[in-house]
Amino acid sequence: MKKINSNKSKWIRETIFAAAIVILPLAWWAFSFFYTTFDTILLGFKGYNRINQQTTWVGFENFVTVIEELTTPGELLNTSLTNSLLLWVINVFIAIPIALLVSFALYKKAIGSGIYKVILFLPSIVSGMVWVLIYSFLLDKGFQVDWLSNNDKNLYALLFYNLWLGFAGNMVLYTGAMSRVPPSLVEAGHLDGMNDFQEFIYIVLPLIFPTLSVILTTCIMTIFTIQLPAFAFYGNGGTQSKPHLYSFGLYTFMKGYAQDPGETPLVSAISMLVCAVAAPASVLFRKLLEKISPTVEY
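Residues numbered from 1 in each chain as written. Predicted model: local features only at pLDDT ≥ 70, side-chain atom pairs only at ≥ 80, totals over all residues. Heavy atoms only, no water.

Draft legend 1. Spotlight on the overall build of the chain. Looking only at helices and strands, the chain has twelve helices and two strands in total. Overall, the chain shows an N-to-C arrangement of helices and strands of α-β-β-α-α-α-α-α-α-α-α-α-α-α. Taking the principal axes of its C-alpha atoms as reference, the chain extends roughly 85 × 80 × 40 Å. In the chain, buried positions account for 32% of the 298 residues. As presented, the chain carries roughly 18300 Å² of accessible surface, and 68% of it is formed by carbon and sulfur atoms. One way to put it: in the chain the 18 positive side-chain charges average out to a point 16 Å from where the 17 negative ones average out. (Helix = DSSP H or I, 4+ residues; strand = E, 2+ residues; numbered from the N terminus. Buried < 20%, exposed > 50% of the residue type's maximum accessible area, 1.4 Å probe, protein only. Areas by Shrake-Rupley, 256 points an atom, 1.4 Å probe, with all protein chains shown as cover. Lys, Arg positive; Asp, Glu negative; His and termini not counted. Charge placed at Lys NZ, Arg CZ, Asp CG, Glu CD.)

Written out as structure tokens, the structure is:
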């Protein structure tokens, strides 16, 4: 009887311990997530009175303000969205195709592929501020151009920097997906006279399309989160004096960095509008990609 009670007591202690490990983190996550989300939703319908430093209920006023600024040329939000869309176009139509081709070259073990891997993935390892200093020195002292200090050209300088640093971001996924392509399928294609370009178009690309479709779908969200590194190059004051460098992500970052309670309701309204637009757009885009190329298992 004592042995049975001892085993039961041990089982109870182990069960309580296992439940605590699972329940406590989940409870904390649920509290922080739902409390923050609910508070954000309420805050979007409120305004801040700077005189008495109190919040008041303003209904949909913040949402109307956001939509007006988004659709009015010259407004900071309109400029931010325009730059974010430009970054999205560059990423989807320039960065991703180049990354796919380079990944294919690494997959085919082209000459120098080993050193290329180190060079391409180095920006992901070294601190971002180090690359800011290197890039600034390269433009100022190496090429001796004033692109960073010239307001007519610094947007292009930051766009190129963003492309350069983000180039190798998804190449690990591409090369990993390509490494799973069945060698027998490639060998059969080459026996039929297929060249490397045809291998990439007709075999590799269709087989890794599920991975590519996930990346393209997540790119929808990056429209509202991606930042031009203006803050890293120019600091707080310098960034505020260069509104043409704002992206959507940088806009919300700067509003949060300022810690101005008068701007918080506006940012909350922006967050809700982004969720209302980006969530269904991502789902629909994913469905469209699945129709273009169904998932292939291999």
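Draft legend 2. Spatial organisation of a nonpolar patch on the surface. Together, F17, I21, V22, I23 and L26 make up an exposed nonpolar region whose accessible area comes to about 510 Å². Within the secondary structure, L26 is located in helix α1 (residues 2-43). (Patch = residues over 30% accessible without salt bridge, like charges linked within 9 Å, V, L, I, M, F, W, Y side chains within 5 Å. Salt bridge = Lys/Arg side-chain N within 4 Å of Asp/Glu carboxyl O.)

Draft legend 3. A look at the layout of surface pockets. Taken as a whole, the largest pocket encloses approximately 560 Å³ of empty space. Surrounding the largest pocket, 27 residues form its lining, N162, L165, G166, F167 and I226 being those nearest its centre. When residues in the lining of the largest pocket are grouped by element, the largest group, eight residues, is from helix α3 (residues 76-107). Class assignment of the residues belonging to the lining of the largest pocket gives a composition of 18 nonpolar, nine polar and no charged. In this structure, the second largest pocket occupies an estimated 190 Å³ of space. What lines the second largest pocket is simply W88, V92, F93, I96, P97, L100, L212, L216, F285 and L289. Contributing elements (two or more residues each) for the lining of the second largest pocket: α3, α9 (196-225) and α12 (264-292). Among the elements that take part in the lining of the second largest pocket, α3 stands out by supplying six residues, more than any other. (1 Å grid on protein atoms, 1.4 Å probe; cavity = no way out; pocket = protein on both sides within 12 Å on 5 of 7 lines; lining within 4 Å. Points joined across faces, edges and corners; volume = space filled by probe spheres on them. Nonpolar A, V, L, I, M, F, W, Y, C, P; charged D, E, K, R; others polar.)

Draft legend 4. Seen up close, the packing of aromatic side chains. Throughout the structure, instances matching the rule amount to 19 aromatic pairs. Taking the centre distance of 5.9 Å and the plane angle of 35° together, the rings of Y135 and W164 count as tilted. Of the two residues, Y135 is situated in helix α5 (residues 128-142) and W164 in helix α6 (residues 154-165); the sequence distance between them amounts to 29 residues. Residue W164 is classed as partly exposed on the basis of its relative accessible area of 30%. Three or more aromatic residues link up through ring pairs in this structure, and these residues are W131, Y135, Y161, W164, F233 and Y234. (Phe/Tyr/Trp six-rings, centres within 6.5 Å; stacked < 30°, edge-to-face > 60°.)

Draft legend 5. Representation of the pairing of strand β1 (residues 46-49) in the model. Of the pairings in the sheet, the one linking β1 to strand β2 (residues 54-57) comprises four bridges and is antiparallel in character. What sits directly across from N49, in β2, is Q54. (Pairing = 2+ DSSP bridges.)

Draft legend 6. Fine view of the pattern of salt bridges. Following the criterion strictly, the structure yields four salt bridges and no others. With its nearest N and O atoms 3.8 Å apart, the salt bridge here joins K108 to D196. In this pair, K108 is assigned in the loop between α3 and α4 (113-125) and D196 in helix α9, connecting sequence segments 88 residues apart. Among the residues examined, K108 registers a relative accessible area of 32% and is labelled partly exposed. With relative accessibility at 39%, the residue D196 sits in the partly exposed group. For E290, the salt bridge is made with R286, and the minimal N-O distance between the two is 3.5 Å. Of the two residues, E290 and R286 are both situated in helix α12; the distance of four residues between them amounts to about one turn of the helix. Judged by relative accessible area, which is 35%, E290 ranks as partly exposed. The class for R286 is partly exposed, based on a relative accessible area of 26%. Taken together, the shared-partner salt bridges connect K108, D196 and E199 into one network.

Draft legend 7. Here's a closer look at α3. Between the first and last C-alpha of α3 there are 43 Å, a value that for 32 residues agrees with the 46 Å anticipated at 1.5 Å per step. Along its length, α3 reaches its greatest deviation from straightness, about 35°, at N91. Positive phi shows up at K109, right after α3, with a value of about 55°. (Expected span 1.5 Å × (residues − 1). Bend = angle between axes of the 7 residues up to and from the residue.)

Draft legend 8. Layout of the nonpolar core. Within the largest apolar cluster, 35 residues are counted, with the highest numbers of intra-cluster contacts made by L148, L158, Y161, F233, Y234 and I270. The set of elements that each furnish at least two residues to this core consists of α2 (61-71), α3, α5, α6, α9, α10 (230-240), α11 (248-258) and α12. Those residues in contact with Y161 that lie beyond four places of it in its chain are G128, W131, V132, Y135, P229 and F233. Counting residues in each nonpolar core, the second largest holds 23 residues, with F121, A168, F200 and L212 among its members. (Core = buried A, V, L, I, M, F, W, Y, C linked by side-chain atoms within 4.5 Å. Contact = heavy atoms within 4.5 Å.)

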